[in-house]
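Residue-level structure breakdown
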Amino acid sequence: MSLVASWRMPDALFVRATRAIEESRTLREQHRRAVGRYGETVNDLRVAIMDSAMLRSEIKARRDNEEP
């Protein structure tokens with residue numbers, strides 16, 4: 001290996017390592033956002049289920065009140 005090649009090798013490794021670190025950061029940020037959206041979706045789903053249950057209870061109560 002020549003002197004030039006041995007000097008450039010660490011630069012190439014540094015560039016690859018830097019790129020890998022940046023990609024890792026990007027993936028972690030994407031994961032954090034996805035987890036946040038998932039949490040929001042779960043909360044919205046819980047509210048929708050609660051609203052549905054309340055509506056079913058109200059409909060049943062009205063039907064029960066209308067019966068002779």
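So, here is what we can say about the structure in this document. (Residues numbered from 1 in each chain as written. Predicted model: local features only at pLDDT ≥ 70, side-chain atom pairs only at ≥ 80, totals over all residues. Heavy atoms only, no water.)

**Side note on the overall build of the protein chain**
- The helix and strand tally for the protein chain stands at one helix and zero strands.
- Within the span of the protein chain, comprising 68 residues, buried residues form 0% of the whole.
- Accessible surface, the protein chain as shown: approximately 6,600 Å² in total, 60% of it carbon and sulfur. (Helix = DSSP H or I, 4+ residues; strand = E, 2+ residues; numbered from the N terminus. Buried < 20%, exposed > 50% of the residue type's maximum accessible area, 1.4 Å probe, protein only. Areas by Shrake-Rupley, 256 points an atom, 1.4 Å probe, with all protein chains shown as cover.)

**Quick word on the pattern of salt bridges**
- Taken as a whole, this structure holds four salt bridges when the rule is applied.
- Here Arg33 makes a salt bridge to Glu29, at a shortest N to O gap of 3.5 Å. Of this pair, Arg33 and Glu29 both sit in helix H1 (residues 3-66), separated by four residues, roughly a single helical turn.
- Among the salt bridges present, the one from Glu58 reaches Arg62, with a minimum N-O distance of 3.2 Å. Of this pair, Glu58 and Arg62 both sit in helix H1, four residues apart, roughly one helical turn.
- A relative accessible area of 53% means that Arg62 is categorised as exposed.
- Ionic contacts of the salt-bridge type, sharing partners, join the residues Glu29, Arg32 and Arg33 into one network. (Salt bridge = Lys/Arg side-chain N within 4 Å of Asp/Glu carboxyl O.)

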